[in-house]
Amino acid sequence: MRPVSYSRVRDVATAIATVTADAGAAYLAGGTTKVDMLRIYAEASQRLVDINDLPIDHIEVQPDGALRIGAMARMNDVAMAPLVMERFPVISEALVLGASAQLRNMASMGGNMLQRTRCTYFRDAEASCNKREPGSGCDALTGVNRGHAVLGTSKHCIATHPSDVAVALTALDAVIHVQNTGGHHAYPIDDFFLLPGGTPQREHPLNHGDLITAIEVPALPVGRNSLYLKVRDRESYEFALASAACALRLENGVVAEVRLALGGVATKPWRARRAERALLGQPATRESFARAAAEEMSDAVARPMNEFKIELAQRTMVRALETLAARGDVS
Amino acid sequence: MVASHLPDAVQGPGPVDVVLNVNGATHVVRIEPRVSLLDCLRDHMNLTGAKKGCNQGACGACTVWVDKRRVVACLTLAIACEGREITTIEGLAENGILHPMQKAFLSEDAFQCGYCTPGQIMSAVALLAEGHAGSDAEIAEWMSGNICRCAAYPNIRTAIRDVRDGVGGVGSAAR
């Protein structure tokens, strides 16, 4: 790691002012991505502003029933919060199925939204990577791309978005609250994560100094009947090959309400809107689930090593829907 | 004893005095802000129990507690631990008497080469405190951040169950 200077801040305004004023500065939250990236020279911050003492770690229900998660709340604390487990099991499950207990104790929810891809070419400073070094090319296109994305890709980048909980939050239409020296901004989560297109280095709309302060999940009764299904090479402590965040409400055996998002197969947390549309009003049968899942993946683009993901994602969606449907007409 | 730093004072990038509370004792070390807690413990404080396996948060060999929560010391900056309470494997025994988990690892032969063992034990004690040792499946899931290259996992789980269930009573090696 290159040398860095360090300071610790106790309030949000000072944190933002400090980082904004110094182009070489960056926020240090849990450090599970930041320290790693600095150590492998994939990032080059010269100053770390430690925000671990900021009083924005509460997990609470708003008067309108929305769930507000402070950006510095740790993954494990959110996963184990009774009101999260009860009202949004999909969030709790996505968190517990991510990383390890130690990393979840460290990693903040805000940091999770900003974690970097696990694409090995992005992390290997010797490789060509348009995300790390715009215009340098993408070694993943012709390299070992078994873990890479099949949805939302471009000829410049096929890196998979690594977060699990962001997938659950995308299914639930969460809002990312951001503060900067100019004020407060709220981004619908689906607008927060950007497709790579021709600018894979731009993963979100944040500018230097912008600080995520909270994540808000709207009151959503269907969230109680939800789950996160994660398929991977080993059963724990591994990134998804395909995952589905799903919430479902049936009425008389017909899909009345559904939320579906995919992880492990796309360049951003992927809201499966096509599948949702195809499911509404349809009988809760394996056939209609499979039809909707196929519809979602119909214009997926595979590379030589990740073609299996197109089928795997469909099976993951179908199993998630079947599992929730089998729990009955819960709402 | 060095007074704690002003909240917003910029420190580094050169060496600075950092005050750390490790295993109940206060230490002052002169380190650069980029030094990890793991390197600080091992290279500056001669506490070599926490091991450097991957140095990228993947193996768990460096597991210690910060404010009683298990974390990986390799992705933690030492300077960020000022004002926090650090516990390492060296701080687990009390008055020379091993912690029940240490005894259980010995009696159950829960290691082979032993390199991952300090991290396993720090994780295992925290696991019980967290209440995530209800079943073997739960133990496996919540211990997955501690890799054992020798694959002593069944014995590690047995040792954890022993302590959970009070097998043999505290301090007994018998089953």
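Because the structure is predicted, anything quoted here is derived from the model rather than measured.

The rules behind the values
- Residues numbered from 1 in each chain as written.
- Chains lettered and ligands numbered in written order.
- Predicted model: local features only at pLDDT ≥ 70, side-chain atom pairs only at ≥ 80, totals over all residues.
- Helix = DSSP H or I, 4+ residues; strand = E, 2+ residues; numbered from the N terminus.
- Rg over C-alpha atoms; globule rule 2.2 N^0.38 Å.
- Buried ≥ 20, exposed ≤ 12 C-beta atoms within 10 Å, placed from the backbone.
- Contact = placed C-beta atoms within 7 Å.
- Axes fitted to C-alpha atoms, helices over the stretch in contact; angles between N-to-C directions.
- Parallel < 35°, antiparallel > 145°, perpendicular 65-115°, else oblique.
- Left-handed = near helix turned anticlockwise from the far one by under 90°.
- Nonpolar A, V, L, I, M, F, W, Y, C, P; charged D, E, K, R; others polar.
- Core = buried A, V, L, I, M, F, W, Y, C linked by C-beta atoms within 7 Å.
- Domains from an automatic or database assignment.
- Pairing = 2+ DSSP bridges.

Draft legend 1. Region of the structure containing the overall build of chain B. Within chain B, the secondary structure is distributed over five helices and five strands. Here chain B has a C-alpha radius of gyration of 17 Å; the compact-globule value for 175 residues is 16 Å, and the two agree. Along the first, second and third principal axes, the C-alpha set of chain B runs to 55 × 30 × 25 Å. The proportion of buried residues among the 175 residues of chain B is 47%. Put simply, of all contacts in chain B between residues at least 6 apart along the chain, 55% involve residues at least 24 apart.

Draft legend 2. Structural detail: the packing of helix H3 (residues 117-130) of chain B against helix H5 (residues 153-165) of chain B. Residue and element names in this part refer to chain B. H5 packs onto H3 with a crossing angle of 40° between their chain directions and a minimal axis gap of 11 Å. If you check the angle between H3 and H5, you find them oblique. For the pair H3 and H5, the crossing hand works out as right-handed. Between H3, through Gln120, Ala124, Leu127 and Leu128, and H5, the contact on the second element is made entirely by Ile156, Ile160, Val163 and Arg164. Residues of the contact of H3 with H5, tallied by class, amount to six nonpolar, one polar and one charged.

Draft legend 3. Focus on the interface of chain B and chain A. With 29 residues of chain B at the interface, the matching set in chain A holds 26 residues. For the side of chain B that touches chain A, the secondary structure elements donating two or more residues are strand S4 (69-72) and helix H4 (136-142) of chain B. When residues of the side of chain B that touches chain A are assigned to their parent elements, the largest contribution, four residues, is made by S4(B). Looking at side-chain class alone, the side of chain B that touches chain A contains 13 nonpolar, ten polar and six charged residues.

Draft legend 4. Inspection of the nonpolar core at higher detail. Among the nonpolar cores identified, the biggest contains 162 residues, and A:Ala168, A:Cys246 and A:Met317 are the most heavily contacted of them. The residues touching A:Met317, leaving out its near neighbours within four places in the chain, are A:Ala244, A:Leu260, A:Ala272, A:Ala275, A:Phe289, A:Ala293 and A:Glu296.

Draft legend 5. Focus on the domain arrangement of chain A. Entries for chain A in the domain assignment read domain 1 (1-53) and domain 2 (224-326). Computed from C-alpha coordinates alone, the two centres of domain 1 of chain A and domain 2 of chain A are separated by 37 Å.

Draft legend 6. Layout of the sheet that holds strand S1 (residues 5-8) of chain A. Residue and element names in this part refer to chain A. Spatial strand order, S1-S3-S2: three strands in an open sheet with parallel pairing. Lying at the two open borders of the sheet, with one neighbouring strand each, are S1 and strand S2 (25-28). Ignoring strand direction, the axes of neighbouring strands in this sheet form an average angle of 25°. Where S1 meets strand S3 (residues 47-50), four bridges bridge the pair, whose relative direction is parallel.

Draft legend 7. Broad picture of the environment of A:Arg116. Residue and element names in this part refer to chain A. On the secondary structure map, Arg116 appears in the loop between helix H7 (109-113) and helix H8 (120-123). Assessed through the 19 C-beta atoms surrounding it within 10 Å, Arg116 is described here as partly exposed. Here the alpha-carbon distance between Arg116 and Thr160, two residues 44 residues apart in the chain, equals 9.6 Å. The residues touching Arg116, leaving out its near neighbours within four places in the chain, are Thr33, Met37 and Phe122.

Draft legend 8. Quick peek at the sheet that holds strand S2 (residues 25-31) of chain B. Residues and elements named next belong to chain B. The sheet built from five strands is open, its strands ordered S2-S1-S5-S3-S4 with mixed pairing. The strands lining the two open edges of the sheet, one partner per strand, are S2 and S4. Geometrically, the sheet is characterised by an average inter-axis angle of 40° between neighbouring strands, direction not taken into account. Two elements, strand S1 (residues 16-22) and strand S5 (residues 85-87), share two bridges in a ladder whose sense is parallel. Bridge pairing in S5 places Val22 opposite Ile86. Of the strands in this sheet, strand S3 (63-66) and S4 touch H3, which is tilted by about 45° from S3.

Draft legend 9. Region of interest: the domain arrangement of chain B. Residue and element names in this part refer to chain B. For chain B, the assigned domains read domain 1 (16-91) and domain 2 (100-165). Each of domain 1 and domain 2 was reduced to a C-alpha centroid, and the two centroids are 21 Å apart. Taken together, the contact pairs twelve residues of domain 1 with eleven residues of domain 2. Here the element with the most residues in the side of domain 1 that touches domain 2 is S3; it accounts for three residues. Of the residues assigned to the side of domain 1 that touches domain 2, the class counts are seven nonpolar, three polar and two charged.

Draft legend 10. Representation of unusual backbone geometry within the structure. With an omega of 10°, the peptide bond between B:Gly12 and B:Pro13 qualifies as cis. The residue A:Tyr237 is not glycine, and still its phi comes out positive at about 55°. Within the secondary structure, A:Tyr237 is located in the loop between strand S9 (226-231) and strand S10 (242-251). A residue is classified by how many C-beta atoms lie within 10 Å of it, and A:Tyr237, with 20 of them, is buried. Unusually for a residue other than glycine, A:Asn252 sits at a positive phi of about 50°. As for its position among the elements, A:Asn252 is in the loop between S10 and strand S11 (254-263).

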